[in-house]
Amino acid sequence: MTGREIVDDMFGVARRLKSIDDGYFVFLNYATGKFEVHNRKERPNTLCLVLPFDTLDERTVNRVLYTRAERVEKLVADMERNNAIAEKARLAAAVDKAACAVQRDR
């Protein structure tokens with residue numbers, strides 16, 4: 001993996017992550033241009049998440065707190081609820097499309 005560990009940054013994100021869990025570290029992956037959060041305690045694969053942000057800021061800390069293992073039940077429930085909403089919308093769109101096709105064929 002080509003990149004570098006971020007040990008200090010303008011907003012102290014790397015330091016703040018260490019206060020959440022001392023195994024956390026931030027890595028800038030040169031191949032993808034993305035920041036990654038890793039945990040040294042999770043071997044052999046230390047990757048926890050790839051950040052969708054171009055900069056390190058409060059959103060990084062919030063995302064790490066949101067995705068912590070302690071919240072797995074809440075995360076799964078949120079995903080299931082969001083998937084159900086998306087499925088309902090997809091079905092409604094399919095019904096609308098079918099209804100329009102029937103109207104058009106009359």
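A quick note: this is a predicted structure, and the numbers were derived from the prediction, not measured.

A.B. asks: Please set out the overall build of the protein residue by residue, giving values where relevant.
C.D. replies: Scanning the protein from N- to C-terminus turns up three helices and four strands. When the helices and strands of the protein are read in sequence order from the N terminus, they spell out β-α-β-β-β-α-α. For 106 residues, the compact-globule formula gives about 13 Å, and the C-alpha radius of gyration of the protein, at 21 Å, lies well above that figure. Seen through its C-alpha atoms, the protein measures out along the principal axes to roughly 70 × 30 × 30 Å.

A.B. asks: Outline the pattern of salt bridges, listing residues and values.
C.D. replies: With the rule as written, the count across this model stands at seven salt bridges. Among the salt bridges present, the one from Lys 41 reaches Asp 21, with a minimum N-O distance of 3.1 Å. Of the two residues, Lys 41 sits in the loop between strand 3 (34-39) and strand 4 (47-50) while Asp 21 sits in the loop between helix 1 (13-20) and strand 2 (24-29), which places them 20 residues apart along the sequence. With relative accessibility at 52%, the residue Lys 41 sits in the exposed group. Under the relative-accessibility criterion, Asp 21 is labelled buried at 15%. Close ionic contact of Glu 87 with Arg 90 constitutes a salt bridge, the shortest N to O distance being 2.7 Å. Here the residue Glu 87 and the residue Arg 90 both occupy positions in helix 3 (residues 72-105), the gap between them amounting to three residues, near one helical turn. For Glu 87, a relative accessible area of 34% gives the class partly exposed.

A.B. asks: Give me the lowdown on the side chain of Thr 46, citing residues and values where you can.
C.D. replies: Looking at the secondary structure, you find Thr 46 in the loop between strand 3 and strand 4. A polar atom in the side chain of Thr 46 sits 2.7 Å from the side chain of His 38. Setting aside residues no more than four positions away along its own chain, Thr 46 makes contact with Phe 25, Val 37, His 38, Asn 39 and Arg 40.

A.B. asks: Outline unusual backbone geometry, listing residues and values.
C.D. replies: Only a minority of non-glycine residues have a phi that is not negative, and only a minority of peptide bonds are not trans. Following Arg 43, the chain continues into Pro 44 via a peptide bond in cis, with omega recorded as 5 degrees. Among the secondary structure elements, Pro 44 is positioned in the loop between strand 3 and strand 4.

A.B. asks: So what about the sheet that holds strand 3? Which residues, and what values?
C.D. replies: Ordered by their spatial adjacency, four strands build an open sheet running 1-2-3-4, and the pairing between neighbours is antiparallel. Taken across any chain shown, the strands that pair with only one partner, and hence form the sheet edges, are strand 1 (3-6) and strand 4. Across this sheet, the average inter-strand angle for adjacent strands is 30 degrees, counted without regard to direction. Examined bridge by bridge, strand 2 and strand 3 share six bridges and lie antiparallel to one another. Counted as the bridge partner of Phe 25 is His 38 from strand 3. The strands touched by helix 1 are strand 1, strand 2 and strand 3; relative to strand 2, the strand with the most contacts, the crossing angle is about 145 degrees.

A.B. asks: Can you tell me about the packing of aromatic side chains, naming the residues and giving the values?
C.D. replies: Scanning the model with the defined rule gives zero aromatic pairs in all. In this arrangement the basic side chain of Arg 40 is found over the ring face of Phe 25, its NZ or CZ atom lying 4.2 Å from the centre.

Calculation criteria
Residues numbered from 1 in each chain as written. Predicted model: local features only at pLDDT ≥ 70, side-chain atom pairs only at ≥ 80, totals over all residues. Heavy atoms only, no water. Helix = DSSP H or I, 4+ residues; strand = E, 2+ residues; numbered from the N terminus. Rg over C-alpha atoms; globule rule 2.2 N^0.38 Å. Salt bridge = Lys/Arg side-chain N within 4 Å of Asp/Glu carboxyl O. Buried < 20%, exposed > 50% of the residue type's maximum accessible area, 1.4 Å probe, protein only. Polar contact = N/O pair within 3.5 Å; in protein donor to acceptor, adjacent residues only side chain to side chain. Contact = heavy atoms within 4.5 Å. Pairing = 2+ DSSP bridges. Axes fitted to C-alpha atoms, helices over the stretch in contact; angles between N-to-C directions. Phe/Tyr/Trp six-rings, centres within 6.5 Å; stacked < 30°, edge-to-face > 60°. Lys NZ or Arg CZ within 6 Å of the ring centre and 35° of its normal.

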